[in-house]
Amino acid sequence: MLIGVIADDFTGASDIANTLAKGVPPEGGLRTVQYPAIPTDDAASDTEAGVISLKSRSAPVAEALADSLAALEWLLAQGCKQIIFKYCSTFDSTPEGNIGPVAKALADRMEVTGVVVCPAFPTAGRTIYQGHLFVFDTLLSESGMQHHPLTPMTDPDIRRWLGLQTSAGVGHVPLDDVTRGADAISAKLTEISANDQTFAVADAVSDADLLTLGEALSNAPLITGGSGIALGLPRNLICSGQAAGGGASAQVISGPEALLAGSCSGATRGQIEEHAKSHPVLPIDVPGVMAGTVTADDITTFIYGNQGEAPLAYSSGTPEEVAAIQDRFGPEAVSARLDKLFADVAARLVTNGYRRLVVAGGETSGAVALAVTRALNAPAMHVTREIDPGVPVLALGYEQPVALALKSGNFGARDFFSKALKVMMGTA
């Protein structure tokens, strides 16, 4: 294994796994595997990039640190030459963490400074300029992320936000240096490191900027960022002869299908609205779930009764509706109960022969992925075709493989749900 990734949630892990597997023309990407937890056995010998999915984004800081460092030790034991700490392209975190504390712990363990911090993902509209994070043409703090129920982002200055989370020094690689090329970036990082600054927030407003950063970081032991920071890394390894390249390959998987959505993002709500125009949908009554009157039996009965029609069960709502439910029951309690519900549903579905599952929402995806891998006794998920930017199809098992699509709330086109099912079958 050449590149190891520690991802702070499941959909983010799928996002960067997709980037590494796809790469850029003409070289292509790496043979990439996503793990739903820290593996207990060694990776397969032909694995070039391994992505470990953690649930550390919203975990207590101590737990996030312990899990991230344990993941690092396993990846280093696999021979990884480069480690990436992957977080969301909207830098989802609170003033206390967890991005800063985890990144600092990794940097201390690897004894490195001048570590790049770059959540940019221009394809999805996330760019960094003068150290500030934009969502398309809007500052992060005005993009809707200021209303996030768990990690409200109220400051777009990544340097300042990171400074709240850690006492480590934070430098800046401005766009002028990035556009002047890899040598200019390297010189700036050397200067930042000489100033004993642990981190360096790097501007990037285009994929070309990310490719230039990738070239400059070819020998960097530790990198942090969104999935975009990995864009140029496969090329480095393939051109140097260390990796064979080729990356993801198409795999056709048919069979019964179901869709589950636990995201309240505007994008997911729009996708639910679009899907409901021509497919059966079931809104999940969250107070009923909390009271125990809505169970996994109700969801699976709906799905079984609409087999072949791409049924979608969802818990989603406006920020006001979500806030009211959280005020009533508590955000942690609601999240835990819904995660368990979706996990129970997914495990039942795959046990009963369902082969295609599409899941929206980071926490929901994590719960479902763990449940499915345990039900199938398949600890690794292989990256296949891309559905939309940042969202690949993941294949589990061999004789009767199951296809998973794990979508971050804000990702995907409006017709994502139906498109994902078609990509799994090879008809799109």
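That block above? That's the structure.
Report on the accompanying structure. In every chain, residue numbers begin from 1 and rise along the written sequence. Local features in this predicted model are restricted to residues of pLDDT 70 or higher, and side-chain atom pairs are both shown and tallied only at a pLDDT of 80 or more, whereas totals for entire chains, interfaces and linings draw on every residue. Hydrogens and water are ignored here; the side-chain numbers use all heavy atoms of the structure.

**A closer look at the nonpolar core**
Point 1. The biggest cluster of nonpolar side chains holds 114 residues, and the ones touching the most others in it are Ile3, Phe91, Cys118, Ile303, Val372 and Leu404.
Point 2. Residue contacts for isoleucine 3: discarding those within four places in its chain leaves Leu20, Leu30, Glu48, Ala49, Gly50, Cys80, Gln82, Ile84, Leu233 and Leu237.
Point 3. Only buried Ala, Val, Leu, Ile, Met, Phe, Trp, Tyr and Cys residues count toward a nonpolar core, and they belong to the same one when joined by side-chain atoms within 4.5 Å. Only protein chains enter the accessibility calculation, which uses a 1.4 Å probe. A residue is then buried if its area is under 20% of the maximum for its type, exposed if over 50%, and partly exposed in between. Counting residues in each nonpolar core, the second largest holds 24 residues, with Leu312, Ala360, Ala395 and Phe411 among its members. In what follows, residue pairs with any heavy atoms lying within 4.5 Å of each other are defined as contacts.

**Side note on the sheet that holds strand S6 (residues 126-129)**
Point 1. Between any two strands, pairing holds if DSSP finds at least two bridges. Only runs of H or I of at least four residues qualify as helices and only runs of E of at least two qualify as strands under DSSP, and these elements are numbered from the N terminus. Sheet architecture is open: 3 strands sit in the order S6-S7-S8, paired in antiparallel fashion. The open sheet has two edge strands with one neighbour each: S6 and strand S8 (138-139).
Point 2. By the bridge criterion, 4 bridges tie S6 to strand S7 (residues 132-135) in an arrangement that is antiparallel. Looking across to S7, one finds that threonine 127 is bridged to phenylalanine 134.

**Some points on the side chain of glutamine 78**
Point 1. Here glutamine 78 is to be found in the loop between helix H2 (61-77) and strand S4 (82-86).
Point 2. Between N or O atoms, a polar contact is any pair within 3.5 Å; within protein, one atom must be a potential hydrogen donor and the other a potential acceptor, and residues adjacent in sequence are included only when both atoms are from side chains. Among the polar contacts listed, one links the side chain of glutamine 78 to the backbone nitrogen of alanine 43, at a separation of 3.1 Å.
Point 3. Sequence-distant contacts of glutamine 78, that is, excluding residues within four places in its chain, are made with Met1, Asp42 and Ala43.

**A few points about the layout of surface pockets**
Point 1. Only protein atoms enter the calculation, which uses a 1 Å grid: trapped sets of points that fit a 1.4 Å probe without letting it out are cavities, open sets showing protein on both sides within 12 Å along at least five of seven lines are pockets, and any residue with an atom within 4 Å of a point is a lining residue. Grid points are joined across faces, edges and corners, and a volume is the space filled by probe spheres set on the points. Taken as a whole, the second largest pocket encloses approximately 480 Å³ of empty space.
Point 2. Tyr35, Pro39, Ala378, Pro379 and Ala380 are the residues nearest the centre of the second largest pocket, which is lined by 23 residues in total.
Point 3. Counting only elements with at least two residues in the lining of the second largest pocket, the list comes to strand S2 (32-35) and helix H14 (362-376).
Point 4. Counting residues per element, the lining of the second largest pocket draws most heavily on H14, at 3 residues.
Point 5. Residues are sorted three ways: Asp, Glu, Lys and Arg are charged, Ala, Val, Leu, Ile, Met, Phe, Trp, Tyr, Cys and Pro are nonpolar, and all the rest, Gly among them, are polar. Across the lining of the second largest pocket, the residue classes tally to 14 nonpolar, 6 polar and 3 charged.

Function-wise, these values are silent; they only describe arrangement.
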